[in-house]
Amino acid sequence: MLTGKADLSTPLRQIMAAAASSPLTTHVLNTGDGIPAAKMAVSLHRLDSELMIWNMLSIGTTNEDGRCPGLISREAFISGMYKLRFETGSYWESLGQTSFHPYVEVVFTISSPEQRFHLPLLMSRFSYSTYRGS
Amino acid sequence: MSENRLQKLKGHIVAENKSTAMAGSPNPLTTHVLNIATGLPGSNMALCLYRHVPSTDAWTLITTGTTNDDGRCPGLITKEQFTPGVYRIHFETAQYWESMGETCFYPYVEIVFTINDPGQKYHVPLLLSRFSYSTYRGS
């Protein structure tokens, strides 16, 4: 978290400011091992309700803290149906383990895009949970 | 042989049959929807079960159903249909909350899971509120 005065001339703070401004954030936790789930591929999609197809808006990888900053900009975040797709199966495979769910997709409706939405994913090899947090 | 001894032997034989029958359980895949906001089963929720077809990357619809008063949906799949593969259960969560006059953050919930050994029993519950849900491989 940024504290104190933000000197926006420094590149690192600029990146963090941009990342912090994503109105949609996630946090993936490996509850089996009690650690953040790092290096997991995550993608964000929005449903085109006319064509009834999903458009991928961004794709990224969780950092060492299990977070994926910069998912979407304030401007792009309009009302609609969104989907966060977590490549959980690949994640467990990279740890040399099998898992019950090959991937997790969380589909949600945004009707108040001026708000902030934090959607964590708590997962183990055989379970997962998600909620609207802050 | 004494009556007692015969009864005991009969008991072993009957138990053997029972476990044989359950090895290929008539209900190898079950679900259970729980409304954790009200602390009650999630009854009258529509759901569908699909199996993934790898060659075409399509999904075959296997069953459609609605949860009963206990939040369960028996008869999702038969032992014969239950082959190894990737399955998906689609739960109509928003429709469920709407029928109670409330909105839900999740228009639907889909749980995708891999079945490697269809001889086992798989229980895939959904614990749900308007703004959260969880699932796990249970028994």
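Reading the values: the criteria
Residues numbered from 1 in each chain as written. Chains lettered and ligands numbered in written order. Predicted model: local features only at pLDDT ≥ 70, side-chain atom pairs only at ≥ 80, totals over all residues. Heavy atoms only, no water. Helix = DSSP H or I, 4+ residues; strand = E, 2+ residues; numbered from the N terminus. Contact = heavy atoms within 4.5 Å. Areas by Shrake-Rupley, 256 points an atom, 1.4 Å probe, with all protein chains shown as cover. Buried area = accessible area lost by both parts, 1.4 Å probe. Salt bridge = Lys/Arg side-chain N within 4 Å of Asp/Glu carboxyl O. Polar contact = N/O pair within 3.5 Å; in protein donor to acceptor, adjacent residues only side chain to side chain. Nonpolar A, V, L, I, M, F, W, Y, C, P; charged D, E, K, R; others polar. Pairing = 2+ DSSP bridges. UniProt positions renumbered as here; feature names shortened; annotations may be inferred. Buried < 20%, exposed > 50% of the residue type's maximum accessible area, 1.4 Å probe, protein only. 1 Å grid on protein atoms, 1.4 Å probe; cavity = no way out; pocket = protein on both sides within 12 Å on 5 of 7 lines; lining within 4 Å. Points joined across faces, edges and corners; volume = space filled by probe spheres on them. Phe/Tyr/Trp six-rings, centres within 6.5 Å; stacked < 30°, edge-to-face > 60°. pLDDT = per-residue confidence, 0-100.

**What about the overall build of chain B?**
So, step 1. A tally of helices and strands in chain B yields two helices and eight strands.
So, step 2. N-terminal to C-terminal, the α/β element order of chain B is α-β-β-β-β-β-α-β-β-β.
So, step 3. Pairs at least 24 apart in sequence give 61% of the contacts found in chain B among residues at least 6 apart.
So, step 4. Accessible surface computed for chain B: about 7500 Å², of which carbon and sulfur atoms make up 55%.

**Things to note about the interface of chain A and chain B**
It is common to give the size of an interface as the accessible area that goes away when the parts come together.
So, step 1. Each partner contributes to the interface: chain A provides 21 residues, whereas chain B provides 21 residues.
So, step 2. Contact between chain A and chain B buries roughly 1800 Å² in total, counting both sides, with carbon and sulfur atoms accounting for 63%.
So, step 3. When residues of chain A are sorted by the area they lose upon contact with chain B, Phe 100, Val 107 and Tyr 128 of chain A head the list and together hold 34% of the total.
So, step 4. Run the count over chain A and chain B and you get zero salt bridges.
So, step 5. Counting the contacts that link chain A with chain B gives six residue pairs in polar contact (both at pLDDT 80 or more).
So, step 6. Going through the elements one at a time, strand E6 (104-110), strand E7 (117-123) and strand E8 (127-131) of chain A are the ones with two or more residues in the side of chain A that touches chain B.
So, step 7. Of the residues that constitute the side of chain A that touches chain B, the class distribution is 14 nonpolar, five polar and two charged.
So, step 8. In this structure, E8 of chain A lies alongside strand E8 (residues 132-136) of chain B, joined through five bridges in antiparallel fashion. Note that in E8 of chain B the partner of Tyr 128 of chain A across the bridge is Thr 135 of chain B.

**Some remarks on the sheet that holds strand E2 (residues 40-41) of chain B**
Either a parallel or an antiparallel arrangement is found when strands of a sheet pair, and the pairing is made through backbone hydrogen bonds.
So, step 1. An order of E2(A)-E1(A)-E7(A)-E8(A)-E8(B)-E7(B)-E1(B)-E2(B) is seen for the eight strands of this open sheet, with the pairing classed as mixed. Looking along the sheet, the strands with just one partner apiece sit at the ends: strand E2 (35-36) of chain A together with E2 of chain B.
So, step 2. As judged from the seven bridges shared by strand E1 (residues 29-35) of chain B and strand E7 (residues 122-128) of chain B, these two strands associate in the parallel manner. When the sheet's bridge partners are listed, Asn 35 of chain B is paired in E7 of chain B with Leu 128 of chain B.

**Some words on the UniProt feature "binding site: substrate" (unreviewed entry) in chain A**
All names here are of chain A.
So, step 1. When the UniProt feature table is mapped onto this chain numbering, "binding site: substrate" (unreviewed entry) sits at His 27, Arg 67 and Tyr 131.
So, step 2. Turning to its location among the elements, Arg 67 is positioned in the loop between strand E4 (53-61) and strand E5 (80-86).
So, step 3. Looking at Arg 67, the relative accessible area reads 33%, which means it is partly exposed.
So, step 4. When neighbours within four sequence positions are excluded, Arg 67 is seen to be in contact with Thr 26, His 27, Thr 61, Thr 62 and His 118.
So, step 5. Assignment of secondary structure puts Tyr 131 in strand E8.

**Comments concerning the layout of surface pockets**
So, step 1. A volume near 280 Å³ is recorded for the second largest pocket.
So, step 2. Taken together, 14 residues make up the lining of the second largest pocket; nearest its centre are Thr 98, Ser 99 and Phe 100 of chain A together with Thr 114 and Asn 116 of chain B.
So, step 3. For the lining of the second largest pocket, the class distribution of residues is four nonpolar, eight polar and two charged.

**Notes on the packing of aromatic side chains**
All names here are of chain B.
So, step 1. Counted by the stated rule, this structure contains 16 aromatic pairs over all chains.
So, step 2. Seen from their ring centres, Tyr 87 and Phe 113 are 6.2 Å apart, and the 20 degrees between their planes marks the pair as stacked. Of this pair, Tyr 87 sits in strand E5 (residues 85-91) while Phe 113 sits in strand E6 (residues 109-115), placing them 26 residues apart in sequence. Summarising the burial analysis for this pair, Tyr 87 and Phe 113 share the class buried.
So, step 3. Taking 5.5 Å as the distance between ring centres and 75 degrees as the angle between the ring planes, the aromatic pair formed by Tyr 96 and Trp 97 counts as edge-to-face.

**Some details on the confidence of the model for chain A**
So, step 1. In this model, chain A carries a mean pLDDT of 90, and residues with pLDDT of at least 70 account for 85%.
So, step 2. In the predicted structure, residues 1-6 of chain A sits below a pLDDT of 50 and forms four contacts with residues beyond four places in sequence or in another chain.

**Some remarks on the pattern of salt bridges**
All names here are of chain B.
So, step 1. Overall, the coordinates contain nine salt bridges over all chains when judged by the stated rule.
So, step 2. Linking Arg 88 and Glu 110 is a salt bridge whose minimum nitrogen-to-oxygen distance equals 3.1 Å. Here Glu 110 lies in strand E6 and Arg 88 lies in strand E5, a separation of 22 residues in the sequence.
So, step 3. A relative accessible area of 13% places Arg 88 in the buried class.
So, step 4. The exposure class of Glu 110 is buried, given its relative accessible area of 14%.
So, step 5. Linking Glu 102 and Arg 130 is a salt bridge whose minimum nitrogen-to-oxygen distance equals 3.7 Å.

**Here's the deal with unusual backbone geometry**
So, step 1. If you check the backbone angles, Asn 44 of chain B has positive phi at about 60 degrees while not being a glycine.
So, step 2. Mapped onto the elements of the fold, Asn 44 of chain B is located in the loop between E2 and strand E3 (46-53).

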